[in-house]
Amino acid sequence: MNDVVEVVDRLGRAFLSRDVEGALACFVPDDDITYVGSEAGECATGRDAVRELLAGLFARPAAYTWQATSVTVHSLPGGAFVIAEADGTEHTAEGVEPFPYRITGLLSRRGSGAWLWRAVQGSEPT
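Nothing here was measured: the structure is a model prediction, and the numbers come from that model.

1. Some remarks on the overall build of the protein
Part 1 of the reasoning: Tallying secondary structure elements over the protein gives three helices and six strands in all.
Part 2 of the reasoning: Reading the secondary structure of the protein in the N-to-C direction produces α-α-β-β-α-β-β-β-β.
Part 3 of the reasoning: Dimensions of the protein along its principal axes, counting C-alpha atoms only, are 45 × 30 × 25 Å.
Part 4 of the reasoning: Taking as baseline every contact in the protein between residues at least 6 positions apart, the subset at least 24 positions apart corresponds to 49%.
Part 5 of the reasoning: A total accessible area of about 6500 Å² is found for the protein, and carbon and sulfur atoms account for 54% of it.
Part 6 of the reasoning: Of the charged side chains in the protein, 10 are positive and 18 negative, and the gap between their average positions amounts to 7 Å.

2. Quick look at the packing of aromatic side chains
Part 1 of the reasoning: According to the stated counting rule, one finds six aromatic pairs in the structure shown.
Part 2 of the reasoning: Aromatic pair Phe15 and Tyr35: ring centres 5.7 Å apart, planes at 40°, arrangement tilted. You can see Phe15 sitting in helix 1 (residues 2–17) and its partner Tyr35 sitting in strand 1 (residues 34–36), a full 20 residues away along the chain. The residues Phe15 and Tyr35 share a single accessibility class, namely buried.
Part 3 of the reasoning: Each residue in the set Phe15, Tyr35, Phe58, Tyr64, Trp66, Phe99 and Tyr101 is aromatic and connected to the rest through ring pairs, giving one cluster.

3. So, helix 3 (residues 47–58)
Part 1 of the reasoning: Relative to the 16 Å expected for 12 residues at 1.5 Å per residue, helix 3 spans 16 Å between its end C-alpha atoms, a close match to the ideal helical length.
Part 2 of the reasoning: For helix 3, the set of buried residues is Arg47, Val50, Leu53, Leu54, Leu57 and Phe58. An end-on view of helix 3 places all buried positions within 130° of arc, on one side of the element. Facing away from the buried side of helix 3 by more than 90 degrees, the exposed set consists of Asp48 and Glu52.

4. Quick word on the pattern of salt bridges
Part 1 of the reasoning: Evaluation of the coordinates by the stated rule reveals nine salt bridges.
Part 2 of the reasoning: Between Glu21 and Arg51 there is a salt bridge; the shortest N-O distance is 2.9 Å. Taken together, the positions of Glu21 in helix 2 (residues 20–24) and Arg51 in helix 3 put the pair 30 residues apart, joining distant regions of the chain.
Part 3 of the reasoning: In this structure Glu21 comes out as partly exposed when scored by relative accessible area, which is 44%.

5. A word on a nonpolar patch on the surface
Part 1 of the reasoning: On the surface, a nonpolar cluster with roughly 240 Å² of combined accessible area is contributed by Leu76, Phe81 and Leu106.
Part 2 of the reasoning: By secondary structure assignment, the location of Phe81 is in strand 4 (residues 79–92).
Part 3 of the reasoning: According to the relative accessible area criterion, Phe81 is partly exposed, its value standing at 35%.

6. Observations concerning the sheet that holds strand 3 (residues 63–76)
Part 1 of the reasoning: Spatially, 2-1-6-5-4-3 is the arrangement adopted by the six strands of the open sheet, whose pairing is mixed. Edge strands, defined here as strands with exactly one partner in the open sheet, are strand 2 (43–45) and strand 3. On average, adjacent strands in this sheet sit at an angle of 20° to one another, irrespective of strand direction.
Part 2 of the reasoning: Summarising the sheet, strand 3 and strand 4 pair through 13 bridges and their orientation is antiparallel. Bridge pairing in strand 4 links Thr65 to Thr89.
Part 3 of the reasoning: Contacts from helix 1 reach strand 1, strand 3, strand 4, strand 5 (95–109) and strand 6 (115–123) within the one sheet, and its direction differs from that of strand 3 by about 155°.
Part 4 of the reasoning: Contacts from helix 3 reach strand 1 and strand 2 within the one sheet, and its direction differs from that of strand 2 by about 150°.

Definitions and limits used
- Chains are numbered independently. Their residues run from 1 in the order of the written sequence.
- Reporting of local features is limited, given that this is a predicted model, to residues whose pLDDT is at least 70; pairs of side-chain atoms are given and counted only at 80 or more, and all residues count toward the totals for whole chains, interfaces and linings.
- Side-chain metrics in this entry use all non-hydrogen atoms of the structure; hydrogen atoms and water are not considered.
- Secondary structure elements follow DSSP: runs of H or I no shorter than four residues count as helices, runs of E no shorter than two count as strands, and numbering proceeds from the N terminus.
- It only takes one pair of heavy atoms within 4.5 Å for two residues to be counted as in contact.
- The method behind every accessible area is Shrake-Rupley, applied with a 1.4 Å probe, and residues are considered shielded solely by the protein chains displayed.
- Working convention for charge: Lys and Arg count positive, Asp and Glu count negative, and His plus the chain ends are omitted.
- Lysine's charge is taken at NZ, arginine's at CZ, aspartate's at CG and glutamate's at CD.
- In summary, the pairing rule links any two rings of Phe, Tyr or Trp, Trp by its six-membered ring, whose centres are within 6.5 Å, and it sorts them by plane angle into stacked for under 30 degrees, edge-to-face for over 60 and tilted for everything else.
- Note on exposure labels: buried denotes an accessible area under 20% of the residue type's maximum, exposed denotes more than 50%, and partly exposed covers the range between, all computed with a 1.4 Å probe on protein chains only.
- Given the number of residues in a helix, its expected span is that number minus one, multiplied by 1.5 Å.
- Note that the arc is computed from the directions linking the helix axis to the C-beta atoms.
- Salt bridges are identified by distance alone: a Lys or Arg side-chain nitrogen within 4 Å of an Asp or Glu carboxyl oxygen.
- Patches draw on residues past 30% relative accessible area with no salt bridge. Two like charges within 9 Å are joined, as are two nonpolar side chains (Val, Leu, Ile, Met, Phe, Trp, Tyr) within 5 Å.
- A strand pair is defined by DSSP finding two or more bridges across the two strands.
- Working convention: axes come from line fits to C-alpha atoms, limited for helices to the stretch in contact. Angles between N-to-C directions cover 0 to 180 degrees.

Next up, the structure:
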């Protein structure tokens, strides 16, 4: 379970540092990936489209991150479906603002044993 929490948090750290390639490294290395954010239009499938979406998100004035507080994992052959509740934070020039966050998605287990995202969605539960 700790390795699944780590892959959730690792993507959050890439978002905070606005590291497009670091975020993409959290996904499987092929083109069959999807990222969906919490706002309308924040949806991309395919490595180039996800790269472009992340670059746009990371160019915004605010940086975002999250840290998992609880994780539910449903095992699948070669993968897992993950639902993670998280503490999110928005970082701006004015300071840091906390907010609740939720990450859901499909993880793929690599031959090395590492977990990587195949598809992930972040949302702000209301």
